[in-house]
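Results of the structural survey
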Amino acid sequence: PRLLSQFFFADERVTRVVAEINGLDAELDPQQYLVLLNQLHLSQAHLLAVLERIMEECIPTQRHSRDYLVKFPEELLVDNLGNHMLFAAECLLAGTFLEVEEADGAQLRPQARNLLCSLELVRTVLREQSLSQPSSYPEPVRAVLIQFDQLFAEFELSYVSSLVAVKSPEEIYRQQEIIVLFCETVERALHLGYLTQEMIDGYEPLLMFTIPRLAIISGLLIYPEGPLSLERSPEEMSRVFSPFYNLLKKIRDLLRVLSAEELCLLERSLCRAE
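As the structure is a prediction and not an experimental result, all values here were calculated from the model.

**Describing the overall build of the protein chain**
Within the protein chain one finds 10 helices and zero strands. For a compact globule of 274 residues, the expected C-alpha radius of gyration is about 19 Å, and the protein chain comes in at 26 Å, more than 25% above that figure. For the protein chain, the spread of C-alpha atoms along the three principal axes comes to 80 × 45 × 40 Å. Among the 274 residues that make up the protein chain, the fraction classed as buried is 37%. For the protein chain, the share of sequence-separated contacts (at least 6 apart) that also reach a separation of at least 24 residues comes to 70%. Put simply, the protein chain shows about 16,100 Å² of open surface, and 57% of that area lies on carbon and sulfur atoms. The protein chain carries 24 positive and 41 negative side-chain charges, and their two centres are separated by 3 Å.

**Regarding helix α9 (residues 245–256)**
Here α9 spans 17 Å end to end across 12 residues, near enough to the 16 Å set by a 1.5 Å rise per residue. Buried residues along α9 sit in contact with α8 (207–222) and α10 (260–272).

**Structural notes on the pattern of salt bridges**
In the structure shown here, the tally under the stated rule is 12 salt bridges. With its nearest N and O atoms 2.3 Å apart, the salt bridge here joins Arg123 to Asp11. With Arg123 in helix α4 (residues 102–132) and Asp11 in helix α1 (residues 3–22), this pair connects stretches of sequence that are 112 residues apart. For the residue pair Arg123 and Asp11, the accessibility class agrees, reading buried in each case. Each member of the salt-bridge network shares a partner with another, and the members are Asp11, Glu12, Glu120, Arg123 and Arg127.

**Some remarks on the environment of Arg66**
Relative to the helices and strands, Arg66 resides in the loop between α2 (30–58) and α3 (81–93). Given a relative accessible area of 24%, Arg66 falls into the partly exposed group. When the C-alpha positions of Arg66 and Leu76 are compared, they lie 14 Å apart, and in sequence the two are 10 residues distant. Here Arg66 is in contact with Asp149, Ala153 and Glu156, once residues within four sequence places are set aside. In terms of polar contacts, Arg66 uses its side chain to reach the side chain of Asp149, at 2.7 Å.

**Section: unusual backbone geometry**
Here the phi dihedral of Tyr203 falls at roughly 55°; this positive angle occurs in a residue that is not glycine. Tracing the sequence through the fold places Tyr203 in the loop between α7 (197–201) and α8.

**Quick notes on α8**
If you check α8, its first and last C-alpha atoms are just 20 Å apart, much less than what 16 residues at 1.5 Å a residue would give, namely 22 Å. Along α8, the residues that are buried comprise Leu207, Thr210, Ile211, Leu214, Ala215, Ile217, Ser218, Gly219 and Leu220. Looking at the buried positions of α8, the neighbouring elements they touch are α6 (169–192), α7, α9 and α10.

**Description of the domain arrangement of the protein chain**
Accessible area lost on assembly of the parts is the figure often given for the size of an interface. Domain boundaries assigned for the protein chain yield domain 1 (3–163) and domain 2 (169–271). In this structure, domain 1 and domain 2 have C-alpha centres spaced 44 Å apart.

**Observations regarding the side chain of Arg232**
As for its placement among the helices and strands, Arg232 is situated in the loop between α8 and α9. The residues touching Arg232, leaving out its near neighbours within four places in the chain, are Glu177, Glu225, Gly226, Pro227, Met237 and Tyr245.

**Focus on the nonpolar core**
Leu51, Ile54, Leu126, Leu145, Phe148, Phe155 and Tyr159 are the most contacted members of the largest nonpolar core, which totals 45 residues. Elements supplying a minimum of two residues to this core: α1, α2, α3, α4 and α5 (139–163). By size, the runner-up hydrophobic cluster in this structure holds 14 residues, among which are Ile178, Ala215, Met237 and Leu263.

**Points about the environment of Val18**
Among the secondary structure elements, Val18 is positioned in helix α1. Judged by relative accessible area, which is 31%, Val18 ranks as partly exposed. Between the C-alpha atoms of Val18 and Leu37, which are 19 residues apart in sequence, the distance is 8.8 Å.

What counts and what doesn't
- Residues numbered from 1 in each chain as written.
- Predicted model: local features only at pLDDT ≥ 70, side-chain atom pairs only at ≥ 80, totals over all residues.
- Heavy atoms only, no water.
- Helix = DSSP H or I, 4+ residues; strand = E, 2+ residues; numbered from the N terminus.
- Rg over C-alpha atoms; globule rule 2.2 N^0.38 Å.
- Buried < 20%, exposed > 50% of the residue type's maximum accessible area, 1.4 Å probe, protein only.
- Contact = heavy atoms within 4.5 Å.
- Areas by Shrake-Rupley, 256 points an atom, 1.4 Å probe, with all protein chains shown as cover.
- Lys, Arg positive; Asp, Glu negative; His and termini not counted.
- Charge placed at Lys NZ, Arg CZ, Asp CG, Glu CD.
- Expected span 1.5 Å × (residues − 1).
- Salt bridge = Lys/Arg side-chain N within 4 Å of Asp/Glu carboxyl O.
- Polar contact = N/O pair within 3.5 Å; in protein donor to acceptor, adjacent residues only side chain to side chain.
- Domains from an automatic or database assignment.
- Core = buried A, V, L, I, M, F, W, Y, C linked by side-chain atoms within 4.5 Å.

Now the structure itself:
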């Protein structure tokens, strides 16, 4: 059950697979080479997972901030992102630029080298610690973990930023505004009886259509200074709504001529329509 013991055996697996790959002629046995590459990928992922648990146990209050992850596109936030970063660093150090431009790759290589050197140091230190005192984390162990965690975070942010346009602080704030608008819309819909708590608790599929529709009305009429404010230019709006700027102006103009009864009837109809 000791994490350092788990790390020892996970590290042993990585070392064994690497040795097999180095001893294999890929041209003579390409099928076995692919099998070993897959084993290496899985064993490295397991090693990083155990290392992550060790850092959470050993340096929980000294971890490098991961707040930058909110800037990443959602499709990148997967469980194996860390393993992908490790593979990217290995490719960069070998002079292979699979996903990035050559100029970006050249700038990232020093970070990749520092990261991989730090990982090797972590593996050495943790192996030695697992063989001597597997139940404690002395200061030298903590120091190399803190350094590795920082280098990993810095490389992750730099590498992903070279691949995609990360969200700006302004765009993140606009997304938070949309979240608030949706929450207030749901609260208002519950108060007016458009929705029921049972529908929300039961994840009623119709809500996927109903809540955004009601949110548009709320954003245009009830909370006109929120994320749907048409006093802003399209460039100042969230990218979720900016392409529909002119359409939203037409909808707002139509909504303004409705009476309270007509608006209520419209909202109830939107809750029923599919």
